[in-house]
Amino acid sequence: MNILEVNNVSKNYGSLYALADINMTVGDGKWLSIMGPSGSGKSTLMNIIGCMDKPTSGSVILDGQDITQLSLTDLTVIRRDKIGLIFQQFHLVPYLTALENVMLAQYYHSMVDEKEALNALERVGLHARAKHLPRQLSGGEQQRVCIARALINYPKLILADEPTGNLDEANESLVMNLLHQLHQEGSSIIVVTHSPEVAKHAETTVVLEHGKIAQIIDNLK
Amino acid sequence: MFGKMLLRVLTRQKKKSLLIVLTVALGVSLATSMLNVMFDVGDKVNQELKAYGANLNIVPKGASFVSDMYQIDDNNQATPSQFIQEDELVKIKMIFWAYNIVDFAPYLSVTANIDDKPVKIVGTWFDKHLIIPTGDEIDTGMLAMKSWWQIDGSKMVDDNLHGAMMGETLAKKLNLKIGDEFTIVAPKTQQIITLTVNNIFHSGGIEDSEIYVSLPIAQKLADKVGLVERIEVSALTTPENELARRAAQDPNSLSRNEWDVWYCTAYISSIAYQLEEVMPSVRVKAIMQVAESEGAILQKTQLLMILLTILSLVCSALAISNLVTANVIERSAEIGLLKALGASNSAVAMLIICEILIIGFIGGVIGYFIGVGFAQIIGYTVFGSTIEPKILIIPLVGLMVLFITLLGSVPALRMMIFLKPIDVLHGR
Ligand SMILES: Nc1ncnc2c1ncn2[C@@H]1O[C@H](COP(=O)(O)OP(=O)(O)OP(=O)(O)O)[C@@H](O)[C@H]1O
Ligand SMILES: [Mg+2]
């Protein structure tokens, strides 16, 4: 069973092909890295998989459902139920505390549960900072709040677009450890990165160039 | 969670929220004061009308217009049909609409000489205590009807048969002060009377060159004991309508039912009709032009106020729409994030609408009280009295706040709906 199937997906902005005829699959519980130079279409692909954008042509089957046929409203529901998002700029609501930011994801998903949210923060080592506002947290801490938020609803697929791009090595390894834990618990993970070190954590690395798959590397070999 | 977010949005953005609160408050305060004044202005103008005195003029049936108005020809008044019996005056308070008669005063004028110069002497009731045959007792007279006159000196009473109220212009010409004595000579009867200046008044009209005395003095001077030539009546009336206008032309043209309705409504024409019923020898003329032009001014004033109210509301709505839109643009990253986390358009719209409604509510409450204050200031400067805040205005203001805030947030909501998470959360 595949969590994700990308079939002949193209995305063009006018004459510019951000993605050109991409085909790939991600098995249930697998970890995939996407690498490639700037402008090669990594974020474009992630946005399409993350139900935030639609391809110009082709189909994307997420957890058995063709998401390219859905309306924006339905896409919001799928994103909410199946996907955990982690961004390079750790987007948090500035006037909510770390705990409230995590609870926000619960709120839009189903029901808020403060205890569970605290547990999630504990998992990322931020139990003590629950009542702090984002601006009172370091970049690494903010990214860990984002991870706590991404995992709070037990998503089937975690999408991280350059999650360590703004972090130092210590924080990078903290974040990667967390992703490893999630992976071990059965979540499928797709990570976009410029760092070969980060990419190596995945079972497979896909390299994009000019919107096309240039190379597929099996990291286990 | 929703409440928490609302609270946080509002408290963490105090300055911006405050700006919107102020905008709403400004619009609402203007609207509130305008509406309060508008609703109150009808009553106020009626009071003013009363203050401007008579709306009915009772004259003898045979009286000629010219002498009625200017009293130029003293000899003309010789025929008895041109006078009204003083005894008849109580009947004014015995008609169906007696309680609508606020005040009345008789007048009898005579030309007499002071230092060989002719001066008009007017006899009247100042504030006379009357016992009506029905048992009622009232105080009525000229002073209550001429409330806008500026009168110096102690209040003139009807029993004062040696005092006089002298017009400002005349007093200046004769060089008389309060307390000074003067002698008048009636050319026709050759009577000589010495009076004391009890008051000097300013009316702003021709009365400023006249002398007002207690009715018996004028009657003696004119040799018309027990007679008056004219009565001014101030009555509370219902605004005229089509029926009243037709009746005023000819009461007999009405059908039986119409006639009943007309007779039992306090139209100025039906009051006039009833006065003629009880006093067969008089003609009652409504001083209609005054009432109508006052009515027209009132309508125009109210129209002006409605326009101002609408204008101030439109301005606030525009200002609010700017502020809210700016606010949404500024928070687009946050809104995009909420959407990325699975918030539907309606969920985000709810948040923004609740936010603006709370802010609008606070602004509305503040604006309401400021507006009531404004209305008082307007009341004092324009009418010299308080303006009673009407309860009706509260729901009206509530609706206005709802309207301007919701209307003001439409552009922001549109923007929010078309905002896509990837537009603001780009991982580029
Ligand atoms: N909304 C858009 N309109 C026009 N062109 C776009 C748009 N979004 C992306 N592109 C273009 O599509 C191409 C792929 O962009 P994308 O953001 O996917 O690159 P990326 O691989 O994520 O780059 P980076 O490593 O710098 O994040 C780029 O050439 C970019 O300019
Ligand atoms: Mg990118």
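What you are looking at is a predicted structure, and each value in this text was computed from that prediction instead of being measured. (Residues numbered from 1 in each chain as written. Chains lettered and ligands numbered in written order. Predicted model: local features only at pLDDT ≥ 70, side-chain atom pairs only at ≥ 80, totals over all residues. Heavy atoms only, no water.)

A. How the structure looks around the environment of Ile101 of chain B. All names here are of chain B. Structurally, Ile101 can be placed in strand S3 (residues 101-114). In this structure, the C-alpha to C-alpha distance between Ile101 and Val233, residues 132 residues apart in sequence, is 7.1 Å. In this view, Ile101 contacts Ile92, Lys93, Ile95, Val233, Ser234, Ala235 and Ile271; residues no more than four positions away in its chain are not counted. (Helix = DSSP H or I, 4+ residues; strand = E, 2+ residues; numbered from the N terminus. Contact = heavy atoms within 4.5 Å.)

B. The packing of helix H8 (residues 256-263) of chain B against helix H9 (residues 268-278) of chain B, seen in detail. Residues and elements named next belong to chain B. Contact geometry of H8 with H9 gives a least axis separation of 9 Å together with a crossing angle of 90°. By the angle between their axes, H8 is roughly perpendicular relative to H9. For the pair H8 and H9, the contacting residues are Trp259, Trp262 and Tyr263 in the first and Ser269, Ser270, Tyr273, Gln274 and Glu277 in the second. Residues that form the contact of H8 with H9 fall into these classes: 4 nonpolar, 3 polar and 1 charged. (Axes fitted to C-alpha atoms, helices over the stretch in contact; angles between N-to-C directions. Parallel < 35°, antiparallel > 145°, perpendicular 65-115°, else oblique. Nonpolar A, V, L, I, M, F, W, Y, C, P; charged D, E, K, R; others polar.)

C. Region of the structure containing unusual backbone geometry. A positive phi angle is found at Tyr154 of chain A, which is not glycine, with a value near 50°. With respect to the helices and strands, the residue Tyr154 of chain A is situated in the loop between helix H5 (139-151) and strand S7 (157-161). In this structure, Asn175 of chain B takes a positive phi of about 60° despite not being glycine.

D. Focus on the sheet that holds strand S5 (residues 65-66) of chain A. Residue and element names in this part refer to chain A. What the 4 strands build is an open sheet, ordered S2-S1-S4-S5; its pairing is antiparallel. For this open sheet the edge positions go to strand S2 (16-27) and S5, each flanked by a neighbour on one side alone. On the sheet, helix H1 (residues 42-49) packs against strand S1 (2-13), S2 and strand S4 (57-62) and is oriented at approximately 55° with respect to S2. (Pairing = 2+ DSSP bridges.)

E. The arrangement of the sheet that holds strand S8 (residues 188-192) of chain A in detail. Residue and element names in this part refer to chain A. Strands sit in the order S6-S7-S8-S3-S9-S10 across an open sheet of 6 strands; the sheet is mixed. If you trace the sheet from one side to the other, it starts and ends with strand S6 (83-86) and strand S10 (212-218), each paired once. Taken over all neighbouring pairs, the strand axes of this sheet differ in orientation by 15° on average, direction set aside. Alignment of S6 against S7, held across 4 bridges, turns out to be parallel. Its bridge partner being in S7, Ile86 is matched across the sheet by Ala160. Most of the contacts of H1 go to S7, to which it runs at about 150°, and overall it touches strand S3 (31-35), S6, S7, S8 and strand S9 (204-209).

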